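# Observations on the model geometry
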Amino acid sequence: MPIDQPKHQTVKTNMIEWMLLFGAGACAIGLAGCAALSSSAGKIDKDAFGVTPDGQSVDLYTLRNAKGAEATIMTYGGTVTSLKVPDRNGTIGDVVLGYDHLGGYITNSPFFGCLVGRYGNRIAKGRFTLDGTTYTLATNNPPNNLHGGPVGFDKRVWKVVKADVGPHGPRLELAYLSKDGEEGFPGNLEVTAAYTLTDDNALRVDYMARTDKATVCNLTQHSYFNLAGRGDILGHIVWIDADTFTPVDSTLIPTGELRPVDGTPFDFRKPTPVGLRINNDDEQLKFGTGYDHNWVINKPMGKLGLMARVMEPTSGRVMEVWSTEPGVQFYTGNSLDGSITGKGGRVYQRRNGLCFEPQHYPDSPNHPQFPSAELDPGQTYKNTIIYKFSTQ
């Protein structure tokens, strides 16, 4: 899929355009009443996956491109449950963590593969002030709010607006209305998230959101990747295009400083194995029990650019992370502890997966010097995230 470069993170959009976007589901070519949709550019299959405790049906949509890669996404949380790409020998393998059944995602998921909102990452002490009004949120990651609260976008059933095969590959467009006051956030926020599996083995997510009241909005994607398909990720070799990162306090809230990575374990400007310095005697690593920090990417906010690259030597798989966001949270699965049995009966041990979450910086609403996460009526939030796979 061609990589376009939007000029701004937040742009003015005509209201008629927005109404047409949300009305598209009425006339889109979807999968209602049929099991599959295919063309020379790819294929989509739809399967039932279960029912939530409150009686909502959850479906799986499997997107397959012409090269045999596939991404399976469920309507609960807009979650990527499986992502299969080839290794250097052409063998297709699943590179994301997750469950074989819906119940695991509902009862015990550390945000496996989900769409995150209304505010990805942490907000200090579950409070922020906007236009003179202080809003109080749940402190579901004491003493802070994390990923939108205990019932964030990851725990909502999203509506399928469109499922079709376009010129760049199969795509699935999801929508969710987050109502005014949901999880303590102001404004009715209308969100769409469009997944596309492109013909060059990239999984692309295009977010759009609008509000009827001033609010904050920071959306991201939370897949746990393991390019080998098993074992820990300490041998994965990581490059991050960032000269600075945002150091945190003991509760993982940014101090407000943009600290140079020079001479620290946070310098990934040269490809470096994850495990090389992760256990160094470093205060920041101790606070995160490994890497769980935001890097400030060397590009203008709103410009689509390459943020990070990961290579796994055994399989030869390579993943590039592209986004329009100003930062990326790099997390090394430090909280996985062997208590979760995932797909295929695999027990997920500490550091069995890593996450790259393109985003605005953590706790931005309480740091006016950070890029603003405020969204006002009449503006459109846009965020593109691309995970592109190849081999070497």
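Treat the numbers as computed from the prediction; the structure is a model and nothing was measured.

### Here's the deal with the overall build of the protein
Scanning the protein from N- to C-terminus turns up three helices and 31 strands. With respect to the principal axes defined by its C-alpha atoms, the protein has extents near 55 × 55 × 40 Å. Considering the protein as a whole, with its 392 residues, one finds that 58% of them fall into the buried category. For the protein, long-range pairs separated by at least 24 residues make up 67% of all intrachain contacts whose partners lie at least 6 apart in sequence. Measuring between centres, the 37 positive side-chain charges of the protein sit 3 Å from its 41 negative side-chain charges.

### Comments concerning the pairing of strand β24 (residues 305–311)
Of all seven residues in β24, six are buried; the element is thus mostly enclosed. Of the pairings in the sheet, the one linking strand β19 (residues 237–240) to β24 comprises four bridges and is antiparallel in character. Paired with V238 across the two strands is V310, which belongs to β24. Inspection of the sheet shows β24 paired to strand β25 (residues 317–323) by six bridges, in the antiparallel sense. Across the sheet, residue M311 finds its bridge partner in β25, namely V318. Hairpin connection from β24 to β25: five residues lie between these consecutive antiparallel strands, with G316 at a positive phi of about 80 degrees.

### Some words on the side chain of K299
Its location among the elements puts K299 in the loop between β23 (292–297) and β24. At 2.7 Å, the side chain of K299 and the backbone oxygen of K303 are in polar contact. The contact partners of K299, leaving out residues within four places of it in the chain, are G305, M307, S323, T324 and E325.

### Comments concerning the packing of aromatic side chains
Evaluation of the coordinates by the stated rule reveals 24 aromatic pairs. Where F266 meets W295, the ring centres are 5.6 Å apart and the plane angle is 40 degrees; that geometry is what we call tilted. Taken as a pair, F266 in the loop between β21 (259–260) and β22 (272–273) and W295 in strand β23 lie far apart in primary sequence, 29 residues in all. The exposure class of F266 is buried, given its relative accessible area of 0%. The exposure class of W295 is buried, given its relative accessible area of 0%. Taken together, the ring pairs connect F245, F266, F268, Y291, W295, F330 and F356 into an aromatic cluster. Above the face of the F268 ring, R277 is positioned so that its terminal group lies 5.0 Å from the ring centre.

### Section: the nonpolar core
Residues I240, W295, F330 and F356 are the most contacted members of the largest nonpolar core, which totals 61 residues. Broken down by element, this core gets its largest block of residues, five residues, from strand β15 (residues 189–197). With sequence-adjacent residues up to four places away left out, F356 is seen in contact with Q221, V238, I240, A308, V310, M319, V321, V328, Q329, F330 and Y387. Ranked by size, the runner-up nonpolar core spans 17 residues in total, among them Y105, Y224, I340 and C355.

### A word on the sheet that holds β21
Pairing is antiparallel across the open sheet formed by five strands, whose spatial order is β21-β20-β23-β26-β29. Two strands lie at the open edges of the sheet, namely β21 and β29 (355–359), each paired on one side alone. Note: β23 against strand β26 (residues 327–331), five bridges, orientation antiparallel. Looking at the pairing, N294 lines up with Q329 of β26.

### Let's talk about the environment of W322
Relative to the helices and strands, W322 is located in strand β25. Residues W322 and S364, 42 residues apart in the sequence, show an inter-C-alpha distance of 21 Å. There is a polar contact of 2.9 Å between the side chain of W322 and the side chain of E320.

### Points about the pattern of salt bridges
Applying the stated rule across the entire model yields 17 salt bridges. Of the charged contacts in the structure, one is a salt bridge between E257 and R259, with a shortest N-O distance of 3.0 Å. Given the relative accessible area of 29%, R259 is considered partly exposed. Note that D262 and R269 form a salt bridge whose closest N and O atoms lie 2.7 Å from each other. Relative accessible area serves as the criterion here: at 29%, R269 is assigned to the partly exposed category. Through salt bridges with shared partners, a single network forms among D45, R64, E70 and K84.

### Thoughts on the confidence of the model for the protein
Low-pLDDT portions of the prediction should not be read for the details of their coordinates. Across the protein, the average pLDDT comes to 92, with 90% of residues at or above 70. Overall, residues 1–30 carries pLDDT values under 50, and its contacts beyond four positions in sequence, including any with other chains, amount to 63 contacts.

### Re unusual backbone geometry
The linkage connecting G117 with the following residue, R118, adopts the cis geometry, with an omega of 10 degrees. Here R118 shows up in the loop between β8 (115–116) and β9 (122–123). The omega torsion of the bond from P142 to P143 falls at 5 degrees, within 30 degrees of zero and hence cis. Relative to the elements of secondary structure, P143 occurs in the loop between β11 (133–136) and β12 (145–146). Of note in this structure, N201 is not a glycine but carries a positive phi near 60 degrees.

### Some words on the pairing of strand β16 (residues 202–211)
Among the ten residues that make up β16, nine are buried, leaving the element largely enclosed by the rest of the structure. In terms of strand pairing, β15 meets β16 through nine bridges, oriented antiparallel. Looking across to β16, one finds that E190 is bridged to R210. Counted between consecutive antiparallel strands, the loop separating β15 from β16 contains four residues, among which N201 sits at a positive phi close to 60 degrees. Bridge count for β16 against strand β31 (residues 379–391) is eight bridges, and the pairing is antiparallel.

So, how was this worked out
Residues numbered from 1 in each chain as written. Predicted model: local features only at pLDDT ≥ 70, side-chain atom pairs only at ≥ 80, totals over all residues. Heavy atoms only, no water. Helix = DSSP H or I, 4+ residues; strand = E, 2+ residues; numbered from the N terminus. Buried < 20%, exposed > 50% of the residue type's maximum accessible area, 1.4 Å probe, protein only. Contact = heavy atoms within 4.5 Å. Lys, Arg positive; Asp, Glu negative; His and termini not counted. Charge placed at Lys NZ, Arg CZ, Asp CG, Glu CD. Pairing = 2+ DSSP bridges. Polar contact = N/O pair within 3.5 Å; in protein donor to acceptor, adjacent residues only side chain to side chain. Phe/Tyr/Trp six-rings, centres within 6.5 Å; stacked < 30°, edge-to-face > 60°. Lys NZ or Arg CZ within 6 Å of the ring centre and 35° of its normal. Core = buried A, V, L, I, M, F, W, Y, C linked by side-chain atoms within 4.5 Å. Salt bridge = Lys/Arg side-chain N within 4 Å of Asp/Glu carboxyl O. pLDDT = per-residue confidence, 0-100.

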